[in-house]
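An overview of the molecular structure
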Amino acid sequence: MPATSPAERDELNRLLLRTADADQRAFEELYRRTSSRLFGVCVRLMGDRDEAEEVLQEAFVTVWKRARSFDAKLSSALTWLVTVARNKAIDRLRQRPDLRPVEVDWETLVDEGPGPAHGAESDEDYRNLQACLAELEIQQRRSIREAFFGGATYNELAERAKVPLGTMKSWIRRGLLQLRACLNP
Amino acid sequence: MNSTFESDKDNLRYAEYVLGLLDADARAAVAHEVETSPEAAAAVALWQRHFTPLAMEVTDVAPPAHVWAGIRRRLAFDAAPPSPAAARTGSSIWDSLGLWRWIGVGATAVAACLLVITVTRPLAPPTAAHASVLMVSTIAGDNGVAGWTATMDIDRSELLVVPASPANVATDRNTQLWLIPAGGAPISVGVFPPGDPKRFHLDKDLLDRLGPTAALAVSLEPVGGSPTGQPTGPVIAKGAIRAA
């Protein structure tokens, strides 16, 4: 998903605020502009297109019904939308453990860095996060990234990494504390 | 006030919630805190702001059209408000005068088209269970003048193209209608007479690509349509697809 320009960010905020006023046209435009991004996130989390379609529908139904709870002071519209979609996807993964696991070979998980294709250089939040993630040990970084993209629990991550549960918790929690210090100086 | 240890623990829990690490019960507990405590809401929002940019790394995937149709259906967008014309006759949206006015076809053209449609196609009885999912497109030239309007009925797998102010087309050329998915190559819907309404049946491949991220276009082609499967002549009109 490409980074958003400040103008696009403002436009999405405006569309979401109009959606909160029950403006169907604005809602449709919001869907037009963001559904591919959100669907990509859902497909990645669910590992199954049919499930991802169901989650995307639930997410946009929630967007329509709960757009009033969007607070432009707390987050951008896109962050809010991605969060709604991720929450729906993760809730569904928790309800349906049979959907899991997407088998991941822990050692071959790509330790991705920002690529030019991401257009990341234009997005300050993303750049900051990458810089702070880069300071973590590789196992911490890998675990946190896999948690974000795969929606896995501590238990599932520990199984995938073939380490005791306590080790996984320690990797992630120490990583999170370090990230917090780095991101909120 | 929480001790530093307690507030660290809470803060970690919020980060774990945002990442998706918690089990169903712990998730529900944090979701409840977010609803009831402004401090929890702010802390969760901060972690979301930190982590959500990672989603930029995920490749965009265009969802199929029936997802949008399903959202509209779940929200009962099409059930209300019914147009007065449809309510009066209880008939399909194809002959809803309100719709045609709304999509901007001149009144004379509407009358002519409705006559043709009514004569050529006995309408199926409407289903009371749910209104059809409809999409419309005003297919206009570069000058902004609507050449045709198209209405797509997802449930019936049909597309109806109706002339508004169609361009004059030489007799050795045909007009061909194309569906252009977001970021994809045009897919032929079919050749149609520029001055008359034409109804197309849409196969699943086309239906899956219909939606507010797709567009329609009309190109000029040799008689019988493009020999290559892609537009070969100039595109004389195009239009975005939107929900009716």
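Sequence positions are assigned chain by chain, starting from 1 and proceeding in written order. Written order decides the labels, with chains lettered from A and ligands numbered from 1. Whole-chain, interface and lining totals are the exception, using all residues; otherwise, since this is a predicted model, local features are given only for residues with pLDDT of at least 70 and side-chain atom pairs are given and counted only at 80 or more.

Some remarks on the overall build of chain A
This is how the line gets drawn: Think of it this way: any DSSP run of H or I at least four residues long counts as a helix, any run of E at least two long counts as a strand, and we number them from the N terminus. Burial in this document is a count-based property: other C-beta atoms within 10 Å of a residue's C-beta are tallied, and the residue is buried at 20 or more, exposed at 12 or fewer, or partly exposed in between, with C-beta positions derived from the backbone. Note on contacts: residues are paired as contacts if their backbone-placed C-beta atoms lie within 7 Å.
Tallying secondary structure elements over chain A gives 8 helices and 0 strands in all. Reading chain A from its N end, one meets helices and strands in the order α-α-α-α-α-α-α-α. Each of the 185 residues in chain A was classed as buried or not, and the buried ones make up 43%. Sequence-distant contacts, at least 24 apart, represent 66% of the contacts inside chain A between residues at least 6 apart.

Observations regarding the overall build of chain B
Looking only at helices and strands, one finds 8 helices and 9 strands in chain B. Each of the 244 residues in chain B was classed as buried or not, and the buried ones make up 37%. Within chain B, residue pairs in contact and separated by at least 24 positions form 60% of the contacts whose partners lie at least 6 positions apart.

Some words on the confidence of the model for chain B
Should the pLDDT be low somewhere, the predicted coordinates at that spot are not to be read in detail. Residue and element names in this part refer to chain B. Stated precisely, the cut-off is as follows: Known as pLDDT, the predictor's confidence for each residue is given on a scale from 0 to 100.
Here chain B averages 76 in pLDDT, while 76% of its residues score no lower than 70. Looking at the elements of chain B, mean pLDDT is at its lowest for helix H5 (residues 84–89), recorded as 38, and at its highest for helix H4 (residues 65–74), recorded as 93. Taken together, the stretch residues 81–130 has pLDDT below 50 and engages in 51 contacts with residues farther than four places along the chain or on a different chain. Confidence metrics for the complex model read pTM 0.61 and ipTM 0.88.

Considering unusual backbone geometry
The residue A:Lys162 is not glycine, and still its phi comes out positive at about 55°. One can find A:Lys162 in the loop between helix H7 (154–161) and helix H8 (165–183). Overall, the presence of 9 C-beta atoms within 10 Å leaves A:Lys162 in the exposed class. Positive phi, close to 55°, is recorded for B:Ala76, a residue that is not glycine. Given 10 C-beta atoms within a 10 Å radius, B:Ala76 is considered exposed.

Looking at the environment of B:Ala244
By the element assignment, B:Ala244 lies in the segment after strand S9 (242–243). A C-alpha to C-alpha distance of 8.1 Å links B:Ala244 and B:Val133, two positions 111 residues apart in sequence.

Observations regarding the packing of H7(A) against H8(A)
Two measures define how a pair of helices packs: the angle their axes make with one another and the distance between the axes. All names here are of chain A. Convention followed: Lines are fitted to the C-alpha atoms to define the axes, a helix being fitted only along its stretch in contact, and any angle between axes, read from their N-to-C directions, falls within 0 to 180 degrees. Any angle between 65 and 115 degrees counts as roughly perpendicular, while under 35 counts as roughly parallel, over 145 as roughly antiparallel, and the rest as oblique. Each residue gets one label: Ala, Val, Leu, Ile, Met, Phe, Trp, Tyr, Cys and Pro are nonpolar, Asp, Glu, Lys and Arg are charged, and the others, such as Gly, are polar.
Where H7 contacts H8, the two axes come as close as 9 Å, and the packing angle between them is 105°. Comparing their axes, H8 and H7 come out roughly perpendicular. Contacts between H7 and H8 involve Tyr154, Asn155, Leu157, Ala158 and Ala161 from the former and Leu165, Met168 and Lys169 from the latter. Partitioning the contact of H7 with H8 into residue classes produces 6 nonpolar, 1 polar and 1 charged.

Observations concerning the interface of chain B and chain A
Across the boundary between the two partners, chain B contributes 38 residues, which contact 45 residues of chain A. A total of 6 residues in the side of chain B that touches chain A trace back to one element, the largest contributor, which is helix H3 (residues 38–51) of chain B. Class assignment of the residues belonging to the side of chain B that touches chain A gives a composition of 24 nonpolar, 7 polar and 7 charged.

Let's talk about H7(A)
Residues and elements named next belong to chain A. Heads up, the rule is: An arc is given here, and it is the one of the directions from the helix axis to the C-beta atoms.
For H7, the full list of buried residues reads Tyr154, Glu156, Leu157 and Arg160. Summarising the axial view, the buried residues of H7 lie within an arc of 165°, below the 170-degree limit, and thus occupy one face. For H7, the elements touching its buried residues are helix H6 (138–150) and H8. Just downstream of H7 lies Lys162, where phi reads positive at about 55°.

Some thoughts on the environment of B:Gly183
Residues and elements named next belong to chain B. Examined against the element boundaries, Gly183 turns out to sit in the loop between strand S4 (173–180) and strand S5 (187–192). The exposure class of Gly183 is exposed, given the 10 C-beta atoms found within 10 Å. For the pair Gly183 and Ala62, spaced 121 residues apart in sequence, the C-alpha separation works out to 9.0 Å.

Quick look at the pairing of S5(B)
Each regular strand carries side chains that alternate between the two faces of the sheet. Residues and elements named next belong to chain B. Just so we agree on the cut-off: Here a strand pair is declared whenever DSSP counts at least two bridges between the two strands.
Pairing geometry for S4 and S5, over 5 bridges, is antiparallel. Bridge assignment links Leu179 to a residue of S5, and that residue is Ile187. Linking two consecutive strands that pair antiparallel, namely S4 and S5, is a turn of 6 residues; a positive phi of about 70° is found at Gly183 within it.

Focus on the nonpolar core
Applied cut-off: Take the buried Ala, Val, Leu, Ile, Met, Phe, Trp, Tyr and Cys residues, join any whose C-beta atoms are within 7 Å, and the set you get is a nonpolar core.
Counting 102 residues, the largest nonpolar core has A:Leu38, A:Cys42, A:Leu56, A:Leu81, A:Ala85, B:Trp148 and B:Leu210 as its most contacted members. Sequence-distant contacts of A:Cys42, defined by excluding residues within four places in its chain, comprise A:Ala52, A:Val55, A:Leu56, A:Ala85 and A:Ala89.

Topic: the confidence of the model for chain A
In this model, chain A carries a mean pLDDT of 86, and residues with pLDDT of at least 70 account for 85%. Note that pLDDT drops below 50 for residues 113–122 of chain A; the model gives that stretch 14 contacts with residues more than four away or on any other chain.

Comments concerning the packing of helix H2 (residues 24–46) of chain A against helix H4 (residues 77–95) of chain A
Residue and element names in this part refer to chain A. Put simply, the rule is: The crossing is said to be left-handed when, going from far helix to near helix, the turn is anticlockwise and less than a right angle, and right-handed when the turn is clockwise.
At a closest axis distance of 10 Å, the pairing of H2 and H4 adopts a crossing angle of 30°. As far as their axial angle goes, H4 and H2 are roughly parallel. The way H2 lies across H4 gives a crossing that is right-handed. On the side of H2, the interface is formed by Thr34, Leu38, Val41, Cys42, Leu45 and Met46, while H4 contributes Leu78, Leu81, Val82, Ala85, Arg86 and Ala89. Its residues assigned to classes, the contact of H2 with H4 shows 10 nonpolar, 1 polar and 1 charged.

Observations regarding H4(B)
With 7 of 10 residues buried, H4(B) lies mostly within the body of the structure. Against H2 and helix H3 (49–66) of chain A together with helix H8 (204–207) and S9 of chain B lie the buried residues of H4(B). B:Ala76 sits one or two positions beyond H4(B) and adopts a positive phi of about 55°.

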